[in-house]
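Secondary and tertiary structure notes
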Amino acid sequence: MYSLVIAEDEFTTRRALVNMIRWNELGFQVDGEFSDGRELLDYLKSNIPDVILTDIKMTQVGGLEIARLVSEQNLPIRIVFLSGHKEFSYAQEAVEYHVAQYLLKPIDLSRLREVFRSIREKLDVQSAQEDLLQNRRDHYSRLVNYEKQQFVTDAWFGALSNPEQMAARLRLIQARTSEDGTERQFLVRMVLRKDGQYQEFLDNYGQQELQEQIIHILEYFDRRLEYYPITWSNIEEGLAVLGVFWESEAGRPGVYYPGELEKSIYDLMAVQAKVTTFQKLSSPEELAHYTENVGRKEPANHLVQDKEYLQLLRDQKKLLYSYLCQNNAVQVRELTGALLNNYLRGGVAFAQSQCIHTVTKLIDEITGHDLMEWNQLYGKCMNPLPALQAEGLRTWLEDCVGLLYEYLTGQSDTKEDTSIEKVMEYLRLHYSEDITLNTVAEAVFLNPVYISRLIKEQTGRNYTELVMEMRVEQAVELLEHSDMYVYEIAEKVGYNNLKYFYKVFRKVKGKSPSDYRA
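Residues numbered from 1 in each chain as written. Predicted model: local features only at pLDDT ≥ 70, side-chain atom pairs only at ≥ 80, totals over all residues. Heavy atoms only, no water.

**Some thoughts on the overall build of the protein chain**
For clarity, the cut-off: Going along the chain from the N terminus, every DSSP run of H or I of four or more residues is numbered as a helix, and every run of E of two or more is numbered as a strand. Throughout, the radius of gyration refers to the C-alpha atoms, and the reference size of a globule is 2.2 Å times the residue count to the power 0.38. Burial classes: relative accessible area under 20% of the type maximum marks a residue as buried, over 50% as exposed, and values in between as partly exposed (1.4 Å probe, protein chains only). Per-residue accessibility takes into account occlusion by the displayed protein chains alone, with areas from the Shrake-Rupley method and a 1.4 Å probe. We count Lys and Arg on the positive side and Asp and Glu on the negative side, and we leave His and both chain ends out. For this purpose, a charge sits on NZ of Lys, CZ of Arg, CG of Asp or CD of Glu.
Counting its secondary structure elements, the protein chain contains 23 helices and 9 strands. Its C-alpha atoms give the protein chain a radius of gyration of 31 Å, clearly above 24 Å, the size a compact globule of 518 residues would have. On the principal axes, the C-alpha backbone points of the protein chain span a range of 100 × 70 × 50 Å. The proportion of buried residues among the 518 residues of the protein chain is 46%. Counting only carbon and sulfur atoms, one obtains 48% of the accessible surface of the protein chain, whose full area is about 27,000 Å². Within the protein chain, the 78 negative side-chain charges are centred at a point lying 2 Å from the centre of the 58 positive side-chain charges.

**Focus: the sheet that holds strand E4 (residues 78-83)**
Two modes of strand pairing occur in sheets, parallel and antiparallel, and in both the strands are linked by backbone hydrogen bonds. Under the convention used in this document: By definition, two strands form a pair when at least two bridges between them are found by DSSP. Here an angle of 0 to 180 degrees is reported between the N-to-C directions of two axes, which are lines fitted to C-alpha atoms, with helices fitted over the stretch in contact. Throughout, a residue-residue contact means that at least one pair of heavy atoms, one from each residue, lies within 4.5 Å.
Taken in spatial order, the 5 strands line up as E2-E1-E3-E4-E5 in an open sheet, and their pairing is parallel. The outermost strands of the open sheet, each flanked by one partner alone, are strand E2 (28-34) and strand E5 (101-104). Neighbouring strand axes in the sheet, compared pairwise and without regard to direction, differ in orientation by 20° on average. Of the strands in this sheet, strand E1 (2-7), E2, strand E3 (51-55) and E4 touch helix H1 (residues 11-19), which is tilted by about 160° from E2. Across the sheet, helix H4 (residues 63-72) is in contact with E3 and E4; its angle to E4 comes to roughly 165°.

**Notes on the pattern of salt bridges**
Threshold: Each reported salt bridge corresponds to a side-chain nitrogen of Lys or Arg within 4 Å of a carboxyl oxygen of Asp or Glu.
What the rule picks out here adds up to 21 salt bridges. Put simply, Glu 8 and Lys 105 hold a salt bridge, and the shortest N to O gap is 3.1 Å. Here Glu 8, found in the loop between E1 and H1, pairs with Lys 105, found in the loop between E5 and helix H6 (109-157); they are 97 residues apart in sequence, far enough to count as distant. Accessibility assignment for this pair places Glu 8 and Lys 105 in one class, buried. With a closest N to O distance of 2.7 Å, Arg 461 and Glu 469 form a salt bridge. Here Arg 461 falls in the partly exposed class, since its relative accessible area comes to 29%. Each member of the salt-bridge network shares a partner with another, and the members are Glu 8, Asp 55 and Lys 105.

**Side note on the sheet that holds strand E7 (residues 225-235)**
Strand order in the open sheet formed by 4 strands is E7-E8-E6-E9, and the pairing between neighbours is antiparallel. In the strand order of this sheet, the two ends are held by E7 and strand E9 (273-280), each with one partner. For this sheet the average axis-to-axis angle between neighbouring strands, irrespective of direction, equals 20°. As paired strands, E7 and strand E8 (residues 238-247) are joined by 10 bridges and run antiparallel to one another. Bridged to Ile 235 within E8 is Gly 238. Lying on the sheet, helix H10 (residues 258-269) is in contact with strand E6 (185-193), E8 and E9; it crosses E9 at an angle near 145°.

**Details of the nonpolar core**
Put simply, the rule reads: Grouping buried Ala, Val, Leu, Ile, Met, Phe, Trp, Tyr and Cys residues that are joined through side-chain atoms within 4.5 Å yields what is termed a nonpolar core.
Among the nonpolar cores identified, the biggest contains 75 residues, and Leu 187, Val 423, Leu 427, Val 440 and Ile 451 are the most heavily contacted of them. At 9 residues, helix H13 (residues 307-325) tops the list of elements feeding residues into this core. Residues within four places of Leu 427 in sequence aside, it is in contact with Ile 435, Val 440, Tyr 463, Leu 466, Val 467 and Met 470.

**What about a nonpolar patch on the surface?**
Threshold: Think of a patch as exposed residues, more than 30% relative accessible area, with no salt bridge, where like charges cluster within 9 Å and nonpolar side chains (Val, Leu, Ile, Met, Phe, Trp, Tyr) cluster within 5 Å.
A surface patch of nonpolar side chains, amounting to about 330 Å² of accessible area, comprises Tyr 485, Tyr 487 and Leu 498. Relative to the elements of secondary structure, Leu 498 occurs in helix H23 (residues 498-509). Judged by its relative accessible area of 35%, Leu 498 falls in the partly exposed class.

**Describing helix H14 (residues 329-344)**
The periodicity of an α-helix, 3.6 residues per turn, causes residues three or four positions apart to be oriented the same way. So the rule is basically this: Residue count minus one, scaled by 1.5 Å, sets the expected span of a helix.
In a regular helix each residue adds 1.5 Å, so 16 residues correspond to 22 Å; H14 covers 23 Å between its end C-alpha atoms and thus fits that length. The complete set of buried residues in H14 reads Gln 331, Val 332, Glu 334, Leu 335, Thr 336, Gly 337, Ala 338, Leu 339, Leu 340, Asn 342 and Tyr 343.

**Describing helix H21 (residues 463-481)**
Where we set the bar: Pairs of N or O atoms are called polar contacts if they sit within 3.5 Å, as long as, within protein, a hydrogen donor faces a hydrogen acceptor (for residues adjacent in sequence, only side-chain-to-side-chain pairs).
Here H21 is 19 residues long and its end C-alpha atoms lie 27 Å apart, about the 27 Å a rise of 1.5 Å per residue gives. Restricting attention to buried positions, one finds in H21 the residues Tyr 463, Thr 464, Leu 466, Val 467, Met 468, Met 470, Arg 471, Val 472, Ala 475, Val 476, Leu 478 and Leu 479. One side-chain oxygen of the residue at the start of H21 lies 3.2 Å from the amide nitrogen of Thr 464, identifying that residue as Asn 462.

**Some words on the environment of Thr 276**
With respect to the secondary-structure elements, Thr 276 resides in strand E9. Judged by relative accessible area, which is 43%, Thr 276 ranks as partly exposed. In this structure the C-alpha to C-alpha distance between Thr 276 and Met 190, which are 86 residues apart in sequence, comes to 5.6 Å. Excluding its chain neighbours within four sequence positions, the residues that come into contact with Thr 276 are Arg 189, Met 190 and Val 191.

Take it as geometry only, folks, not as evidence of what the structure does.
Written out as structure tokens, the structure is:
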């Protein structure tokens with residue numbers, strides 16, 4: 001229904017217009033009636049109807065003044081004038097205010113219906129065009145946000161160190177250069193303290209909901225900032241989340257206070273958080289070299305035992321395999337070099353063992369259960385083994401990864417299908433457990449951002465929505481075909497908090513669990 005307001009100073013005429021016309025059949029509802037234009041002007045201060053039907057001449061403020069205001073303020077309102085014969089000249093003046101139609105008094109009802117049917121058709125076309133435009137804007141916004149997320153991930157893990165590639169990617173997401181107002185980026189690291197309150201939240205809602213809430217708070221911390229997560233990691237002090245704030249609005253730079261972020265998390269979640277890093281990057285390029293500092297102060301024999309360093313290597317390998325699955329030659333080449341550089345920081349012997357392990361792991365993932373294919377690829381890669389020196393290792397690793405890339409290129413029509421099948425199979429087996437996107441990434445040896453994109457493309461849902469639906473569908477099955485109590489069903493499908501289970505169930509099904517027991 002489109003919104004209609006009526007302004008007419010003659011009481012009888014106004015009441016007839018409101019009550020004698022079946023506006024709903026014409027696609028309109030009357031949201032207001034006014035005896036003078038002054039009342040309508042006050043109404044327009046806080047309301048925007050789709051159509052105004054107004055007498056052209058009233059006691060204090062007439063239709064022309066209304067039309068002038070709508071035109072000057074460029075309001076998206078269509079106006080229909082009512083005019084007596086003697087005021088017909090006024091109607092001619094209204095042309096400059098783009099008035100949609102005018103109707104002569106006494107009102108011909110068939111003509112009025114004809115006019116409003118025509119307006120409704122135009123509004124329908126306009127609405128469809130606006131929806132299409134909005135959909136395009138939303139789609140473009142999602143693409144830009146995805147590109148920013150992938151940019152941050154690639155830069156951090158070493159898949160984006162080439163200056164030309166960096167510049168091309170920044171142009172793709174239309175980041176402003178220093179010539180017209182640089183967008184700022186902030187590296188943010190925060191640790192959630194694993195105390196009693198933290199554990200209580202986990203017991204009630206689970207790890208994925210905890211991460212979802214933290215991300216939500218970070219995304220809405222300040223309207224000028226977009227948030228892009230990089231890693232989650234369990235450390236001795238608690239759960240650490242690392243990500244980038246991307247200042248997306250031009251104009252005066254904002255001032256941000258980490259203490260306010262900590263307070264927001266505690267106020268909304270009753271979880272203690274400590275922002276340990278809130279660093280403005282000199283440029284997006286700085287992000288590409290940040291991981292070079294991981295374990296920098298450690299000697300090689302200690303570095304190979306450093307948990308942060310070893311986690312970085314695991315994350316880089318998962319990203320490398322993800323790009324192999326996508327047949328992305330540029331990122332595969334960049335990441336292979338970055339991975340070897342990090343291996344060599346642990347010494348040549350460590351680098352050699354890691355190169356062999358990496359290639360073997362990639363062959364495992366690529367061939368699956370096909371032993372014949374595994375033997376063929378392994379034989380080609382491991383004969384001969386890499387030499388125990390840096391350049392020999394680099395050549396060997398690049399050759400092996402190139403061979404695996406060529407092998408996968410011939411299977412490009414099916415590899416992403418295989419990847420999503422692995423993800424879905426894991427979820428079908430473990431959906432009732434307290435698993436996060438990172439848990440799935442570790443299990444299927446893929447990058448979380450890549451998994452998130454695969455799930456969205458294949459199902460139209462994000463990861464959290466998909467897991468919710470899987471849990472709720474199983475709950476419906478148990479509600480309809482078992483005599484288990486509802487709280488038992490909630491626990492069985494992964495919800496320890498019954499109240500939260502009811503909330504999720506209604507969100508997915510639009511009904512209460514008890515509706516399936518009627």
